[in-house]
Amino acid sequence: MSGQGQPSRYTRSFSGMTGALIVTVIAVLAFVAWRGLWRTDVDNEPEAVDWQARVELAQEADLAVVHPRELPAGWTATSTELAAGDDPRWSLGVLTDEGRFVGIRQQDTSVADLVELYVDEDAVAGDDVTVDSDIADTWQTWSDEGGDIGYSTELGDEALLVYGSAPAEDIEAYLGLLTR
């Protein structure tokens, strides 16, 4: 007879479930580690974006966005954001030839708000610097404890912030390439 209604001979316990879970986790971790040992085709190169097409699109929409005339040799544009309407904004993110970040953020807001968002909540205002560019000759500098720096100016009702982790010399050279 089949013995319906009788408990099975297998004893279920919390420690048995825990042991099975541990064995499963170890098996998954071992598989991931083994696969990582034999994997050599990891591509860490950032994907370049067509920032010039976004600038052209902005110009067609009568938006005067700040952008470089050209990127320095070896620099790669990795991100853009363009929004029109009630809250127009523009950003361009690039990596230097040494892999350091430099960003442009142009928006109808205050410089203080941009600095707080993109440099640091506790960013410290530094001296004004003079950099010959089509956008402005005098830029307010900003820095934080982590080594990020920013350069800001106002363009009418809009704030412009050029910021990043790149050395100040690289960012200042980039400021000289900016145009509208």
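Report follows, based on the coordinates.

A separate point is the overall build of the chain. The number of helices and strands found in the chain is four helices and nine strands. Along its sequence from the N terminus, the chain presents helices and strands in the succession α-α-β-β-β-β-α-β-β-β-β-α-β. For 180 residues, the compact-globule formula gives about 16 Å, and the C-alpha radius of gyration of the chain, at 27 Å, lies well above that figure. On the principal axes, the C-alpha backbone points of the chain span a range of 95 × 40 × 35 Å. For the chain, the residues scored as buried account for 33% of the 180 residues in total. Counted over contacts in the chain with a minimum sequence separation of 6, partners at least 24 positions apart contribute 49%. Carbon and sulfur atoms form 50% of the exposed surface of the chain, whose accessible area is close to 11,800 Å².

Residue placement: E45 occurs in the loop between helix 1 (14–37) and helix 2 (51–60). Each C-alpha atom, one on E45 and one on G99, is 9.8 Å from the other, the two residues being 54 residues apart in sequence.

Another aspect to go through is the pattern of salt bridges. Across all of its chains, the model carries five salt bridges by this definition. Measuring nitrogen to oxygen at the nearest pair gives 2.7 Å for the salt bridge that ties E81 to R89. For E81, a relative accessible area of 27% gives the class partly exposed. Looking at R89, the relative accessible area reads 24%, which means it is partly exposed. With a closest N to O distance of 3.1 Å, D87 and R89 form a salt bridge. For D87, a relative accessible area of 34% corresponds to the partly exposed category. One continuous salt-bridge network, built from bridges that share partners, spans E81, D87, R89 and R105.

Counting 29 residues, the largest nonpolar core has W139, V162, Y174 and L178 as the members making the most contacts within it. The next biggest cluster of nonpolar side chains, apart from the first, holds nine residues, and it includes V111, V115, A123 and L161.

With that settled, the discussion passes to the packing of aromatic side chains. For the structure on display, the rule yields four aromatic pairs. Aromatic ring contacts, followed pair by pair, group F101, Y118 and Y163 into a single cluster.

Turning next to the sheet that holds strand 5 (residues 124–130). Here we have seven strands laid out as an open sheet, ordered 2-3-4-8-7-6-5, and antiparallel in their pairing. Each end of this open sheet is capped by a strand with a single partner; those strands are strand 2 (76–83) and strand 5. The average undirected angle you get between the axes of adjacent strands in this sheet is 20°. By the bridge criterion, seven bridges tie strand 7 (residues 149–155) to strand 8 (residues 158–164) in an arrangement that is antiparallel. Considered in strand 8, the bridge of T153 is made with L160. Along the sheet, helix 3 (residues 111–118) contacts strand 4 (101–107), strand 6 (138–143), strand 7 and strand 8; its crossing angle with strand 8, the most-contacted strand, is approximately 25°.

This part takes up the environment of A83. Positionally, A83 belongs in strand 2. Accessibility expressed as a relative area gives 16% for A83, which makes it buried. The spatial distance from the C-alpha of A83 to the C-alpha of T18 is 52 Å, given a sequence separation of 65 residues.

A word on the side chain of T96. Positionally, T96 belongs in the loop between strand 3 (89–95) and strand 4. What T96 contacts, discounting residues up to four positions off in sequence, is G74, W75, V102, A166 and D170.

On to a nonpolar patch on the surface. Taken together, the side chains of V28, F31, V32, W34, L37 and W38 make up a nonpolar region of the molecular surface, amounting to roughly 740 Å² of accessible area. Relative to the assigned elements, W38 resides in the loop between helix 1 and helix 2.

How each quantity is defined
- Residues numbered from 1 in each chain as written.
- Predicted model: local features only at pLDDT ≥ 70, side-chain atom pairs only at ≥ 80, totals over all residues.
- Heavy atoms only, no water.
- Helix = DSSP H or I, 4+ residues; strand = E, 2+ residues; numbered from the N terminus.
- Rg over C-alpha atoms; globule rule 2.2 N^0.38 Å.
- Buried < 20%, exposed > 50% of the residue type's maximum accessible area, 1.4 Å probe, protein only.
- Contact = heavy atoms within 4.5 Å.
- Areas by Shrake-Rupley, 256 points an atom, 1.4 Å probe, with all protein chains shown as cover.
- Salt bridge = Lys/Arg side-chain N within 4 Å of Asp/Glu carboxyl O.
- Core = buried A, V, L, I, M, F, W, Y, C linked by side-chain atoms within 4.5 Å.
- Phe/Tyr/Trp six-rings, centres within 6.5 Å; stacked < 30°, edge-to-face > 60°.
- Pairing = 2+ DSSP bridges.
- Axes fitted to C-alpha atoms, helices over the stretch in contact; angles between N-to-C directions.
- Patch = residues over 30% accessible without salt bridge, like charges linked within 9 Å, V, L, I, M, F, W, Y side chains within 5 Å.

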